[in-house]
Amino acid sequence: MSDPATADITALSGIAQLRLAMSGEGEIAPISETVGFSLIEVEEGRVVFEATPTRAVYNPLGTVHGGWMATVLDSACGCMVHSMLSPTQAYTTLELKTVFHKALTAGTPVRAVGRIVQMGGRAAFSEADLRGLDGKLYATATSTCLVMER
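Here the structure is a predicted model, which means the values were calculated and not measured.

(A) Geometry of the overall build of the protein. A tally of regular secondary structure across the protein gives four helices and six strands. The order of helices and strands in the protein, counted from the N terminus, is α-α-α-β-β-α-β-β-β-β. Computed over the C-alpha atoms, the radius of gyration of the protein is 15 Å, within 12% of the 15 Å expected from 2.2 N^0.38 for a compact globule of 150 residues. Counting the 150 residues in the protein, one finds 37% classified as buried.

(B) View of the nonpolar core. Val-47, Phe-49, Trp-68, Met-69, Leu-104 and Leu-130 are the most contacted members of the largest nonpolar core, which has 32 residues in total. Elements with a minimum of two residues in this core: helix 2 (14-23), strand 1 (37-43), strand 2 (46-51), helix 4 (66-82), strand 4 (110-119), strand 5 (123-132) and strand 6 (137-149). A total of nine residues in this core trace back to one element, the largest contributor, which is helix 4.

(C) Looking closely at the pattern of salt bridges. Within the structure shown, the criterion is met by six salt bridges. The salt bridge involving Glu-127 is made with Arg-115; its shortest N-O contact spans 3.4 Å. One end of the pair, Glu-127, is in strand 5; the other, Arg-115, is in strand 4, and twelve residues separate them in sequence. For Glu-127, a relative accessible area of 30% corresponds to the partly exposed category. In this structure Arg-115 comes out as partly exposed when scored by relative accessible area, which is 27%. Of the charged contacts, one joins Arg-115 and Asp-129 as a salt bridge, the two residues approaching to 2.7 Å between their closest N and O atoms. Of the two residues, Arg-115 sits in strand 4 while Asp-129 sits in strand 5, which places them 14 residues apart along the sequence. Put simply, Arg-115, Glu-127, Asp-129 and Arg-131 are held in one network by salt bridges that share partners.

Basis of the calculations
Residues numbered from 1 in each chain as written. Predicted model: local features only at pLDDT ≥ 70, side-chain atom pairs only at ≥ 80, totals over all residues. Heavy atoms only, no water. Helix = DSSP H or I, 4+ residues; strand = E, 2+ residues; numbered from the N terminus. Rg over C-alpha atoms; globule rule 2.2 N^0.38 Å. Buried < 20%, exposed > 50% of the residue type's maximum accessible area, 1.4 Å probe, protein only. Core = buried A, V, L, I, M, F, W, Y, C linked by side-chain atoms within 4.5 Å. Salt bridge = Lys/Arg side-chain N within 4 Å of Asp/Glu carboxyl O.

Here it is in structure tokens:
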């Protein structure tokens, strides 16, 4: 038996679901709390996440673990595709390629901006970059997602 709250949410378009979550009225993915990022802007074909890493996500070299950056970028790429979905569609990530341009340290606020490259009926291609508020580029990602009917 499905959860009535979930049933109501799945009747909405992807952009409506994300806006509801961003407003606090809907549920945002629990990974955002675990990793420590927030959705701060959303429109069809573009999303923006904001985060400030802590020492808790450091690797043995004393910088932010690449997995943390990849998770934030994956969320930006995926939610960008989510923003383009109709109420009858779902998606899953098939591929994520991440490039690390510069080491990131704790306490550096960053933004991940996801953009659509191409949205098709069965596949979606998106990209995202992770930059400091000063514009420094830390990492980029490209993603291929499978789009399917529910």
